[in-house]
Amino acid sequence: MKKTQWKELSTERLVEEYGLISAEHGRDIEAGRPKDANRKYELLVAIRKEFRERGIEAQRQLLKLIDAPEPGTRYWVASFALAFAPDEGERVLTELAKIPKSFVGFTAGVALEQWKAGTFKPA
(Lines give C-alpha, C1' and ligand atoms only; values in the text may rest on other atoms or scores of the structure.)
Protein backbone atom coordinates (compact mmCIF):
# COMPACT_ATOMS: atom_id res chain seq x y z
CA MET A 1 0.00 0.00 0.00
CA LYS A 2 1.29 3.46 -0.86
CA LYS A 3 1.79 6.08 1.81
CA THR A 4 -0.81 8.33 0.19
CA GLN A 5 -3.50 5.65 0.56
CA TRP A 6 -3.47 5.78 4.37
CA LYS A 7 -5.95 8.67 4.29
CA GLU A 8 -8.54 6.43 2.64
CA LEU A 9 -8.53 3.85 5.44
CA SER A 10 -10.79 3.90 8.46
CA THR A 11 -9.02 4.43 11.76
CA GLU A 12 -9.76 0.82 12.70
CA ARG A 13 -8.13 -0.44 9.51
CA LEU A 14 -5.18 1.92 10.01
CA VAL A 15 -4.66 0.43 13.49
CA GLU A 16 -4.64 -3.05 11.95
CA GLU A 17 -2.06 -2.02 9.34
CA TYR A 18 0.12 -0.40 12.01
CA GLY A 19 0.00 -3.63 14.00
CA LEU A 20 0.92 -5.82 11.05
CA ILE A 21 3.72 -3.62 9.72
CA SER A 22 5.23 -2.93 13.15
CA ALA A 23 5.30 -6.66 13.91
CA GLU A 24 7.07 -7.33 10.61
CA HIS A 25 9.49 -4.48 11.29
CA GLY A 26 10.40 -5.95 14.67
CA ARG A 27 10.98 -9.38 13.16
CA ASP A 28 13.13 -7.86 10.40
CA ILE A 29 15.24 -6.01 12.99
CA GLU A 30 15.74 -9.11 15.10
CA ALA A 31 16.61 -11.23 12.04
CA GLY A 32 19.18 -8.73 10.75
CA ARG A 33 17.27 -7.68 7.62
CA PRO A 34 17.92 -3.92 7.62
CA LYS A 35 16.70 -3.24 4.06
CA ASP A 36 13.35 -4.84 4.78
CA ALA A 37 13.16 -3.09 8.16
CA ASN A 38 13.96 0.29 6.61
CA ARG A 39 11.10 -0.04 4.11
CA LYS A 40 8.69 -0.81 6.92
CA TYR A 41 10.11 2.02 9.03
CA GLU A 42 9.15 4.50 6.31
CA LEU A 43 5.61 3.09 6.20
CA LEU A 44 5.27 3.26 9.98
CA VAL A 45 6.42 6.88 10.03
CA ALA A 46 3.83 7.70 7.35
CA ILE A 47 1.09 5.98 9.36
CA ARG A 48 2.12 7.87 12.50
CA LYS A 49 1.82 11.09 10.54
CA GLU A 50 -1.69 10.10 9.49
CA PHE A 51 -2.62 9.35 13.11
CA ARG A 52 -1.30 12.74 14.19
CA GLU A 53 -3.42 14.41 11.52
CA ARG A 54 -6.51 12.51 12.69
CA GLY A 55 -6.06 13.71 16.26
CA ILE A 56 -5.81 12.36 19.77
CA GLU A 57 -8.91 10.14 19.64
CA ALA A 58 -7.52 8.27 16.62
CA GLN A 59 -4.13 7.99 18.30
CA ARG A 60 -5.70 6.50 21.41
CA GLN A 61 -7.10 3.69 19.25
CA LEU A 62 -3.52 2.42 18.96
CA LEU A 63 -3.57 1.53 22.64
CA LYS A 64 -5.50 -1.59 21.61
CA LEU A 65 -2.11 -2.88 20.41
CA ILE A 66 0.08 -1.83 23.34
CA ASP A 67 0.09 -5.33 24.84
CA ALA A 68 0.28 -7.17 21.51
CA PRO A 69 2.34 -10.38 21.48
CA GLU A 70 4.91 -8.98 19.03
CA PRO A 71 7.68 -6.90 20.66
CA GLY A 72 8.00 -4.77 17.53
CA THR A 73 4.36 -3.76 17.72
CA ARG A 74 4.57 -3.03 21.43
CA TYR A 75 7.66 -0.87 20.83
CA TRP A 76 6.09 1.18 18.02
CA VAL A 77 2.87 1.73 19.96
CA ALA A 78 4.60 2.48 23.26
CA SER A 79 7.09 4.93 21.78
CA PHE A 80 4.26 6.79 20.03
CA ALA A 81 2.05 6.60 23.13
CA LEU A 82 4.57 8.62 25.11
CA ALA A 83 2.96 11.66 23.47
CA PHE A 84 -0.64 10.89 24.49
CA ALA A 85 -0.51 8.11 27.13
CA PRO A 86 2.93 8.47 28.74
CA ASP A 87 2.32 6.11 31.66
CA GLU A 88 1.35 3.27 29.33
CA GLY A 89 4.24 4.04 26.98
CA GLU A 90 6.77 4.04 29.80
CA ARG A 91 5.40 0.81 31.25
CA VAL A 92 5.74 -1.07 27.98
CA LEU A 93 9.14 0.37 27.06
CA THR A 94 10.40 -0.66 30.51
CA GLU A 95 9.15 -4.21 29.94
CA LEU A 96 10.68 -4.38 26.47
CA ALA A 97 14.03 -3.04 27.68
CA LYS A 98 14.36 -6.14 29.88
CA ILE A 99 14.34 -8.56 26.94
CA PRO A 100 17.84 -10.05 26.79
CA LYS A 101 19.82 -9.96 23.53
CA SER A 102 17.09 -8.13 21.64
CA PHE A 103 17.52 -5.21 19.27
CA VAL A 104 13.92 -4.19 19.95
CA GLY A 105 14.63 -4.35 23.68
CA PHE A 106 17.80 -2.31 23.27
CA THR A 107 15.94 0.30 21.23
CA ALA A 108 13.20 0.45 23.86
CA GLY A 109 15.81 1.07 26.54
CA VAL A 110 17.38 3.89 24.57
CA ALA A 111 13.98 5.45 23.89
CA LEU A 112 13.10 5.24 27.58
CA GLU A 113 16.39 6.88 28.61
CA GLN A 114 15.85 9.68 26.09
CA TRP A 115 12.24 10.13 27.24
CA LYS A 116 13.32 10.50 30.86
CA ALA A 117 16.04 12.97 29.81
CA GLY A 118 13.52 14.97 27.78
CA THR A 119 15.32 14.40 24.49
CA PHE A 120 13.16 11.70 22.90
CA LYS A 121 11.79 12.66 19.50
CA PRO A 122 9.68 9.93 17.89
CA ALA A 123 9.70 9.66 14.13
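Everything that follows concerns the structure shown earlier in this document.
Residues numbered from 1 in each chain as written. Predicted model: local features only at pLDDT ≥ 70, side-chain atom pairs only at ≥ 80, totals over all residues. Heavy atoms only, no water.

A.B. asks: Help me understand the packing of aromatic side chains, please; the structure alone is not making it clear to me.
C.D. replies: Aromatic ring pairs are reported here in terms of the distance separating the ring centres and the angle at which the planes meet. Considering all chains together, one arrives at four aromatic pairs under this definition. Measuring from centroid to centroid gives 6.1 Å for Y18 and F51, while their planes differ by 80°, and the two rings are edge-to-face. One end of the pair, Y18, is in helix α1 (residues 11–30); the other, F51, is in helix α2 (residues 34–54), with 33 residues separating them in the sequence. Both residues of the pair, Y18 and F51, belong to the buried class. Between Y75 and W76 the ring centres are 6.2 Å apart and the planes differ by 80°, which places this aromatic pair in the edge-to-face class. (Phe/Tyr/Trp six-rings, centres within 6.5 Å; stacked < 30°, edge-to-face > 60°. Helix = DSSP H or I, 4+ residues; strand = E, 2+ residues; numbered from the N terminus. Buried < 20%, exposed > 50% of the residue type's maximum accessible area, 1.4 Å probe, protein only.)

A.B. asks: Where do I start with the pattern of salt bridges in this structure?
C.D. replies: By the definition in use, this model includes 13 salt bridges. Ionic pairing is found between K7 and E50, a salt bridge with its closest N-O pair at 3.0 Å. With a gap of 43 residues between them, K7 in the segment before α1 and E50 in helix α2 connect regions that are remote in the sequence. Looking at K7, the relative accessible area reads 52%, which means it is exposed. Since its relative accessible area comes to 8%, E50 is described here as buried. The residue E88 makes a salt bridge to R91 at a minimum N-O spacing of 2.9 Å. Of this pair, E88 and R91 both sit in helix α5 (residues 86–97), three residues apart, which is roughly one turn of the helix. Given a relative accessible area of 31%, E88 falls into the partly exposed group. (Salt bridge = Lys/Arg side-chain N within 4 Å of Asp/Glu carboxyl O.)

A.B. asks: Where do I start with the environment of K98 in this structure?
C.D. replies: Along the chain, K98 turns up in the loop between α5 and α6 (103–117). The exposure class assigned to K98 is exposed, which follows from its relative accessible area of 64%. Spatially, the C-alpha atoms of K98 and G109 are 8.1 Å apart, while their sequence positions differ by eleven residues.

A.B. asks: Could you clarify how one ought to interpret the environment of E113 in this entry?
C.D. replies: Mapped onto the fold, E113 is located in helix α6. Separated by 20 residues in the primary sequence, E113 and L93 have C-alpha atoms spaced 9.9 Å apart.

A.B. asks: What is the right way to read α2 from this model?
C.D. replies: Think of an α-helix as 3.6 residues a turn; residues three or four steps apart then line up on the same face. End to end, α2 covers 30 Å across 21 residues, agreeing with the expected 30 Å (1.5 Å per residue, within 8%). For α2, the set of buried residues is A37, K40, L44, A46, I47, R48, E50 and F51. Buried residues along α2 sit in contact with α1, α3 (56–60) and α4 (71–81). (Expected span 1.5 Å × (residues − 1). Contact = heavy atoms within 4.5 Å.)

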